[in-house]
Amino acid sequence: MILDDLRNTDFYFSFNSTIKEALDFIKGNLSTFEEKRYDINEHMFAVVETSFPKPALEQKLETHKKYVDIQYVIEGCDIIGWKNLLNCRKLYRDYQLSRDIAFYDDKPDFNIVLNQGSFAVFFPQDAHVPLCSKLLVKKCIVKIAVEKLVSVLEDQK
């Protein structure tokens, strides 16, 4: 997991060109984000949405196998629980390939606070539960194909 402010993105630009492309998309559209899906390229898309907090009983850790999540807060604040997937023991709902998601009923090890202007990157080993705050939050969620991210890292060796 990576947690940072959008003003610090230059650091990540040298780390990985795919993450740079995702963060460039966010930075380039800040003033014009409409609530919809954006197809960035064949390996990456974004969804902008305003969401209500999840009721406590519906707050389940989620994981993804095909996509890495970059969650950026446009307006408001989000509280997101985190736990390493290796420590998740209570499968709540099996992995659904069509939605690229599995749910766990374990409790997060800790919560992070994403304020307006901050982002978090969740990799496949990062079980996370978003929307645990008490207020509406408008976010841009960029989904990056894991296979693309891995191939870029291999190319950079």
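Residues numbered from 1 in each chain as written. Predicted model: local features only at pLDDT ≥ 70, side-chain atom pairs only at ≥ 80, totals over all residues. Heavy atoms only, no water.

(A) Seen up close, the pattern of salt bridges. Applying the stated criterion across every chain, the model contains 8 salt bridges. Residues Asp109 and Lys83 are paired through a salt bridge, measuring 2.8 Å at the closest nitrogen-oxygen approach. Within this pair, whereas Asp109 is found in the loop between strand E7 (101-104) and strand E8 (110-115), its partner Lys83 is found in strand E5 (residues 67-84), the two being separated by 26 residues in sequence. Accessibility expressed as a relative area gives 45% for Asp109, which makes it partly exposed. Taking relative accessible area as the criterion, Lys83 reaches 11% and is therefore assigned buried. (Salt bridge = Lys/Arg side-chain N within 4 Å of Asp/Glu carboxyl O. Helix = DSSP H or I, 4+ residues; strand = E, 2+ residues; numbered from the N terminus. Buried < 20%, exposed > 50% of the residue type's maximum accessible area, 1.4 Å probe, protein only.)

(B) Structural detail: the environment of Leu23. Within the element layout of this structure, Leu23 appears in helix H2 (residues 17-28). Sequence-wise, Leu23 and Tyr72 are 49 residues apart; in three dimensions their C-alpha atoms are separated by 9.3 Å. The contact partners of Leu23, leaving out residues within four places of it in the chain, are Leu6, Thr9, Tyr12, Phe13, Ile70 and Phe119. (Contact = heavy atoms within 4.5 Å.)

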